[in-house]
Structures are given as structure tokens and as C-alpha cells.
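# A look at the structure
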2 protein chains.
Amino acid sequence: MDKNRYCVIMAGGQGTRLWPMSRKAYPKQFQDILGCGRTLLQITYDRYCRIVPKENILVSTHVDYADLVREQLPDLQRGQVIHEPAFRGTAPSLANMACHIRTLNPKANIVIAQSDQLVLDETKFVDVISRGFDFVAENNKLVVVGIKPTCPETRYGYIQVDGAPESDFFYKVRTFTEKPQYEFAKIFMDSGEFYWNSGIYIWNVQTIIDTMSKYLPEMMRTLEEIYREIPDRDQRRRRGYEIYTSFPNASLDMSVMERADNVYVAVAEFGWADIGTWETLYGTMPKDGDGNVVLNCSTLKYNSHNNLIMLPKGKLAVVQGVDDMLVIDSENVLMICRKGDEKEIRKILNDVKMKLGDKFL
Amino acid sequence: MDKNRYCVIMAGGQGTRLWPMSRKAYPKQFQDILGCGRTLLQITYDRYCRIVPKENILVSTHVDYADLVREQLPDLQRGQVIHEPAFRGTAPSLANMACHIRTLNPKANIVIAQSDQLVLDETKFVDVISRGFDFVAENNKLVVVGIKPTCPETRYGYIQVDGAPESDFFYKVRTFTEKPQYEFAKIFMDSGEFYWNSGIYIWNVQTIIDTMSKYLPEMMRTLEEIYREIPDRDQRRRRGYEIYTSFPNASLDMSVMERADNVYVAVAEFGWADIGTWETLYGTMPKDGDGNVVLNCSTLKYNSHNNLIMLPKGKLAVVQGVDDMLVIDSENVLMICRKGDEKEIRKILNDVKMKLGDKFL
């Protein structure tokens, strides 16, 4: 396997939109949400092991979750778990990661992987990522994997591409768009020019550093300085904490990708879903004849339709006359919420925090 | 306190209508359903301790629950826990109990108490039961406590009385009626002649034995013979098992009370409810401004009305857009059932038994 290939699995999120299953102390990526015997993080790791040498797979996470990562991926060596000093958005995190990887291998080509995604056709997936690696090794270009929409989904961001591919199946990006309303999502899909933004990026280490230096010059100057002046990793980390927290909270898409002119979409169709919200999880999973998705538990269902039901393993759910509900039973919280109203979860979480304290978060 | 007063607390039921909170191995009467720190059995025991000498309070239960009774009522001596050899309905159980108590005290006056009832005004309650004791001590009559209806309840049986009290507040029974439909319940209530059948009976030991001998002669002959021929209690019990299981399944009301002509109602108003079903429990308990009853747990409620929510202590229930539901989370079962459809619970329980085995019963 190509020794210049690297993978960074982003596993620092708190997954608040999947509360109460995803908890501050135990976010979704560390849980076996699909009930398949492996956690989302483990599934992701397994997937990239087919493309990238094991020793080149790094996991970026918050310091609070470092032990969980090591526990779930015991093959990782000490240097493969990277602590994000604080939640500062994707741009500082990926910039820091690029600088770090350059110290390991200045020719590195890197895939940025998300730890909460479902991929159905792994063979196609391996093919797309491999082509991406080859493309960025030969071009000073950034690649984002775009998924061909299968429905007018309103829960994903979209990327519009230029009509004709530049090289093979890599399309130049025209615009990034936020999650659209349904009417727009329909237009996007029908146009054939829009793809779901998967959040999977592929780039050469020097290309991303150069591009970031252009759009976030102050942050990159600070980082480059630290890496130049403090070659020892542990010393650098101690110093880094302080500086890192001074960076502005910035997302990669908004502060870099949408502004750069060397961004390309690798268009893909491999059965993909982001397990970011209960709604996406419901949309993704197989349903019984009445439209119910049941995860982990046994159920007896009577006159009940279109529910997402998730209980601890071994528990029995009996539902009678229940329609269009999320029923999530996890540790010390049971949430029953109308499926369309899950935007409320943010408000609910806030109420929990204000009224009941941390033990339910 | 009058040494001739005895109390038998009936605590052998399985409480299947309160599944999944009430379990075969741990029925409702052994649980702190009201969240007050005492189980229903303990509350009942405390209540009767105000009327009957402690040493004269017996608990009748199934052999499987004898240890639970002793654990929850540690003051009971060995002889005070009576094992029902099998579920055979109330008539054989009370007949056996009467024969047993007669061996302890042939002048005993006995109150038959249910272990799953709520009483709000205990002072009035003590007064009614005490009057009942005095009445049956002086008359060869059987007393059933009748509760003045506060609403046209369809979940209780009713007793119709003769218009004028015979002595003090004891009315002669005209008819017992099964749980009525709503229209009838309304007529019953408006008539002023109908009372809820509380299932609380008071009688002198010889009166009940004589009355049972008239209406269940074969059963009583067998019992009397055993008590005459085998004076030793342990020996008698061994023999009794066999004979007891040969008795027909018979309810006291149908086989004795409805046929006897010496039955009187002690009319009462002390804030009473039978906690036999989720519906009665919901009807009984205080509600928040949206008509929700919450037992045991913390809740955050959003746009949710008229639910009964019961989770294990310390657990948080978040409900959003949930109306008219029973939400019962107990050990390895979560049940969400439309409140009006709880008759389905019997069917559900049957399905659980057939499809999933004993571990959820």
C-alpha cells in the first residue's frame, strides 16, 4: 500500500443532535448505534484500513475522548491519537493536523474522514478514495467527495459543480450551499449539477498548507512558527494548547473551501449517509412494513407507524398506537419526541443543562 | 385495642393489568408505585395497624411472594404470613382463612383488606372500619364497604342498596353489579342508591363460615373436616395443598355475597381508589396543568398532554408532542400505549409470553 497515504479520522464531536443516545461523556462515534457489534469509529477505521496503511491512520479527538479512542482501536500507537486542545471548528483542527503530518512525511496525501458516516458499497468507496489520492498526488488541488443525491434531502449541504469534468470524474466546484429548503433541494437534484457534501476531503499536505496560508494567513503563520521553533512533539503540544485556543472558531468549508479556486469534487455513488441527526439515521436504516426503524432492541408493535425506536440491548419496546415518534431510551434518559420536531432537541438540551445539571447531558 | 379484631391483607395477586411495572416476580403491591417511600403493601399494613392489633394482622399471599412479604413487613411473625397454595379465587382463600382464624380465636371479627388501594382520609377510614367491626360483632351479618361515587366510574363494580339504612349507616344490599358502561354508571351515580364495591369486607368468623357453608357446602365441609382432623398447622398445610387445588375457582362476590341475604353495605366517603389498572392510577393521581401524571421520575414536557409517565427513580423523561399515552419504563421493558387502549395489555402480555418467553413477564 502507498506509504504516502494518510488518513485523519475526525472523532472529536459531541454529537448533541443525537442526544440522549449520544452523551457528552460518550458521544455517538463511540457507540454501536447500528447494532452491528462495532462502534461507528471502529467501522470507519476498518473502512480506511483498506486504503491507507494502518500506521498512517490518525484519529483526531478531544482530549476527553482519547482513552475511548485507544480502547476501541487498540492497534493505534501513541502518536496516532491526536488531541484537539479545544473545540475550535474544523479549520484550525485540520491546519494543525496538516502541519503535524508534514513532520512525519512531507509528501503525504491525506484523506479527512468523518467518524459518523455510513457507506454501503465499500468496494466503490475504496475506488473513489484511491482515485482521489492519485489525483491530489499529481495536482495542487483539493478534493471533496460529493455524493450523487438519491432524494431532495434537506439535511445535507450541497456542492454545485461545473458541467463538464476537468479530468476523469473530478469536477471543478462552482459553489458550496448550506442545507436547502425542500423546494431548492428538489431543483438541485433535478439539475444534475449538485452533489451532497460528504465532508470527506482529500489533499496533498503541502497543497492544503499553501491554500490555508492564503485564506487564514495569521493562523497558519502562528502554526508554522510553532512547528519550526519547537521540533519536540510533547513540548510543542504544551505550547500549542495556549495558542490553539486563541484561534477563531472557523469551519473549513466557509473559511477555505468556498473561497479557494483549486477545489474539485470527486463525484461518487456508494450508498452514503451521515448519521448526524435522528432524522438522517431514520432515513438511512431499513424499515419494517409500517415504516418503523428499530435499533438494538426487541419490539412488539401494534398499530404503530414511522417511528424510530432505540433502546438498550436486551430491552423490549412495546408500542401501541404510536406514530411518527422518536423513542430513544439511553441510560438515565428516555426521550419521546415527534419525528418532525427534532430541531427541538437543541432547546431541550439547553433546558436540561439549565434546569437539571450535567448528569443527563 | 380490641383483641378480637383481625385483619387479612390480600396480597397474592399478580397485578398483570399494571404490567410492565408489575411483574410476575415482583407484583405491584410490593412496589413503591406512588413514589412515597413505602410500597402499597406497607401502606396498607400501616393503615390497618391503627385499627387492629399488630399481632392480629395476617397477610395472605402466594407461596412465591412469602419472602417479599416478610422482607417488607419485618414485624410479622411466622404465623402471620399465610400461603395461598394456588390461585383459586377469593372464595376458597377466604374460607380457608376463616377456618384458620377460628383456631386462633373463635370470637374473631375480621376485616378483609386489599393491598392495592389508596385511601386519602385515614381518620374517616378508621371510623368506618371500626363501626363495621362493632356491627358484625353484634349481628350475624356480613359487611362490605361501599364507596359513595364521585364520578360515573366504569372501572369499578357497583352495589345497589335499599333506600333506608337498617341500623345507623349500614344499608342492606339489593344487588351487586359488574363494571357498568358509562351510561349506566351515570344513572347509578345520579340515583344515589349505588356505591362502588371496595372489596373491603368485615365479618365475624362464625358468620362467614356459616354463610359459606350454605352457598359452598362441599368446599366448606372439606375444609372443616381437615381443620377438625388435623389440628397441627404444618401437617394440615401439607394436606391442604392437595385439597385446595381441587376446589373450583370461585369469587366471593359471585358465589357468596350476591346470593346471601345477610349482606350490608357500610357506606363511606374517605377518598378511595383501587390501583388496579393504569387507568385507575391515572384517574387517582394529581395532575399538572396539562393533565399529565408523572410518577417517580423527573420530566421535561413540551406540548404534551394527559399522559401517565412512570420511569425508574432518577431517570429523566423528555416528552415532546406526546398526548394521551401511557409511558411505562420498568426494568427490561418500555411500554408506550394509548391511554384508552390499555385493555390491549392483556393481549400484549399474551404475545410477550408466546413470542418472547418469561423474562419480560
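These notes cover the structure that comes with them.

Criteria and cut-off values
Residues numbered from 1 in each chain as written. Chains lettered and ligands numbered in written order. Predicted model: local features only at pLDDT ≥ 70, side-chain atom pairs only at ≥ 80, totals over all residues. Heavy atoms only, no water. Pairing = 2+ DSSP bridges. Helix = DSSP H or I, 4+ residues; strand = E, 2+ residues; numbered from the N terminus. Axes fitted to C-alpha atoms, helices over the stretch in contact; angles between N-to-C directions. Least-squares fit on C-alpha atoms with pLDDT ≥ 70 in both. Contact = heavy atoms within 4.5 Å. Disulfide = S-S within 2.5 Å. Buried < 20%, exposed > 50% of the residue type's maximum accessible area, 1.4 Å probe, protein only. Buried area = accessible area lost by both parts, 1.4 Å probe. Salt bridge = Lys/Arg side-chain N within 4 Å of Asp/Glu carboxyl O. Polar contact = N/O pair within 3.5 Å; in protein donor to acceptor, adjacent residues only side chain to side chain. Nonpolar A, V, L, I, M, F, W, Y, C, P; charged D, E, K, R; others polar. Phe/Tyr/Trp six-rings, centres within 6.5 Å; stacked < 30°, edge-to-face > 60°. Lys NZ or Arg CZ within 6 Å of the ring centre and 35° of its normal. Expected span 1.5 Å × (residues − 1).

## A short note on the sheet that holds strand β14 (residues 308-310) of chain A
Pairing is mixed in the open sheet, where 6 strands are placed in the order β12(A)-β14(A)-β16(A)-β17(A)-β15(B)-β13(B). Unpaired on one side and paired on the other, β12 (293-295) of chain A together with β13 (298-302) of chain B mark the two borders of the sheet. Strand-to-strand twist in this sheet, taken as the mean axis angle between neighbours without regard to direction, amounts to 5°. As paired elements, strand β16 (residues 325-330) of chain A and strand β17 (residues 333-338) of chain A share 6 bridges and run antiparallel to each other.

## Here's the deal with the relation of the copies chain B and chain A
Here two copies of a chain appear, and what relates them is a rotation about an axis with a shift along it. Screw-axis analysis of chain B against chain A gives a translation of 0.0 Å along the axis, an RMSD of 0.1 Å, and a rotation angle of 180°. Seen this way, the second copy is the image of the first under a two-fold rotation axis. A share of 100% of interface residues in chain B that are also interface residues in chain A marks the association as one of identical surfaces.

## Here we look at the state of the cysteines
Applying the stated criterion to the full structure yields 0 disulfides over all chains. In this model cysteine 36 of chain A remains outside any disulfide bridge; the closest cysteine sulfur is found in cysteine 49 of chain A, 15 Å from its own.

## Here we look at the environment of isoleucine 33 of chain B
Residue and element names in this part refer to chain B. In this fold, isoleucine 33 is placed in the loop between β1 (5-10) and α1 (40-49). According to the relative accessible area criterion, isoleucine 33 is buried, its value standing at 0%. Linking isoleucine 33 and leucine 281, residues 248 residues apart in sequence, is a C-alpha distance of 9.4 Å. Discounting chain neighbours no more than four positions away, the residues touching isoleucine 33 are Leu18, Met21, Lys28, Leu40, Leu281, Leu295 and Met310.

## Looking at the environment of tryptophan 196 of chain A
Residues and elements named next belong to chain A. With respect to the element layout, tryptophan 196 can be found in strand β9 (residues 194-204). Judged by relative accessible area, which is 3%, tryptophan 196 ranks as buried. Excluding residues that lie within four positions of it along the chain, tryptophan 196 makes contacts with Val145, Gly146, Ile147, Pro149, Thr150, Cys151, Glu153, Tyr156, Gly157, Tyr158 and Trp272.

## Re the interface of chain B and chain A
The extent of an interface is frequently quoted as the accessible surface area lost upon association of the parts. Counting residues at the interface gives 33 residues for chain B, matched by 33 residues for chain A. For the pairing of chain B and chain A, the buried interface totals around 2700 Å² over both sides, and the portion due to carbon and sulfur atoms is 64%. Three residues, Gln320, Leu334 and Ile336 of chain B, lead the burial of chain B against chain A; their summed loss comes to 25% of the area buried on that side. Salt-bridge contacts for aspartate 329 of chain A lead to lysine 315 of chain B; the nearest nitrogen and oxygen are separated by 2.6 Å. Counting the contacts that link chain B with chain A gives 18 residue pairs in polar contact (both at pLDDT 80 or more). Among the elements of the structure, β13, β15 (316-320), β16 (325-330), β17 (333-338) and α11 (344-356) of chain B are those that each provide at least two residues to the side of chain B that touches chain A. Here the side of chain B that touches chain A takes 7 residues from α11 of chain B, the largest share from any one element. Among the residues forming the side of chain B that touches chain A, the class breakdown is 20 nonpolar, 4 polar and 9 charged. The pairing of strand β15 (residues 316-320) of chain A with β17 of chain B spans 5 bridges and is classified as parallel. Bridge pairing in β17 of chain B links valine 319 of chain A to isoleucine 336 of chain B.

## Observations regarding the pattern of salt bridges
Overall, the coordinates contain 38 salt bridges over all chains when judged by the stated rule. Residue aspartate 234 of chain A pairs with arginine 78 of chain A through a salt bridge whose shortest N-O separation is 3.4 Å. One end of the pair, aspartate 234 of chain A, is in helix α8 (residues 233-244); the other, arginine 78 of chain A, is in the loop between α2 (66-72) and β3 (81-84), with 156 residues separating them in the sequence. Taking the relative accessible area as the measure of exposure, arginine 78 of chain A reaches 53% and is therefore exposed. Note that arginine 155 of chain B is salt-bridged to glutamate 153 of chain B, the shortest N-O span being 2.2 Å.

## Quick notes on the packing of aromatic side chains
Scanning the model with the defined rule gives 28 aromatic pairs over all chains in all. Between the aromatic rings of phenylalanine 30 of chain B and tyrosine 65 of chain B, the centroid separation amounts to 5.7 Å while the plane-to-plane angle is 55°, which identifies the pairing as tilted. On the criterion of sequence distance, the pair formed by phenylalanine 30 of chain B in the loop between β1 and α1 and tyrosine 65 of chain B in the loop between β2 (57-62) and α2 (66-72) is long-range, its members being 35 residues apart. Here phenylalanine 30 of chain B and tyrosine 65 of chain B have matching classes, each one buried. When the centroid spacing of 4.0 Å and the interplanar angle of 5° are considered together, the rings of phenylalanine 188 of chain B and phenylalanine 194 of chain B count as stacked. Across the pair, exposure class does not vary: phenylalanine 188 of chain B and phenylalanine 194 of chain B are buried alike. Here the aromatic residues Phe135, Phe169, Phe170 and Tyr264 of chain A are joined through ring pairs into a cluster of three or more. A cation over a ring is seen here: lysine 287 of chain A above tyrosine 282 of chain A, with NZ or CZ 4.8 Å from the ring centre.

## Focus: the sheet that holds strand β14 (residues 308-310) of chain B
If you trace the 6 strands from one edge of the open sheet to the other, you get β13(A)-β15(A)-β17(B)-β16(B)-β14(B)-β12(B), paired in mixed fashion. Only two strands of the sheet have a single partner each, and these edge strands are β13 (298-302) of chain A together with β12 (293-295) of chain B. Here the strands of the sheet are splayed against their neighbours by 5° on average, with no regard to which way each runs. Set on the sheet, α11 of chain B makes contact with β13 and β15 of chain A together with β17 of chain B; between it and β13 of chain A the angle comes to about 140°.

## Quick look at the side chain of histidine 100 of chain B
Residue and element names in this part refer to chain B. Mapped onto the secondary structure, histidine 100 falls in helix α3 (residues 90-104). Owing to a relative accessible area of 6%, histidine 100 belongs among the buried residues under this scheme. Leaving out residues up to four positions away in the same chain, histidine 100 has contacts with Leu58, Gly79, Ile82, Tyr227, Arg233 and Arg236.

## Regarding helix α4 (residues 122-138) of chain A
Residues and elements named next belong to chain A. Between the first and last C-alpha of α4 there are 25 Å, a value that for 17 residues agrees with the 24 Å anticipated at 1.5 Å per step. What α4 keeps buried is the set Phe125, Val126, Val128, Ile129, Ser130, Gly132, Phe133, Phe135 and Val136. With a side-chain oxygen positioned 3.2 Å from the backbone nitrogen of threonine 123, the residue opening α4 is aspartate 121.

## Considering unusual backbone geometry
Residue and element names in this part refer to chain A. A cis geometry characterises the amide bond from tryptophan 19 onward to proline 20, with omega recorded as 5°. The residue proline 20 is located in the loop between β1 (5-10) and α1 (40-48) in this model. Of note, asparagine 306 is a non-glycine position whose phi angle comes to about 60°, a positive value. As for its position among the elements, asparagine 306 is in the loop between β13 and β14. Owing to a relative accessible area of 29%, asparagine 306 belongs among the partly exposed residues under this scheme.

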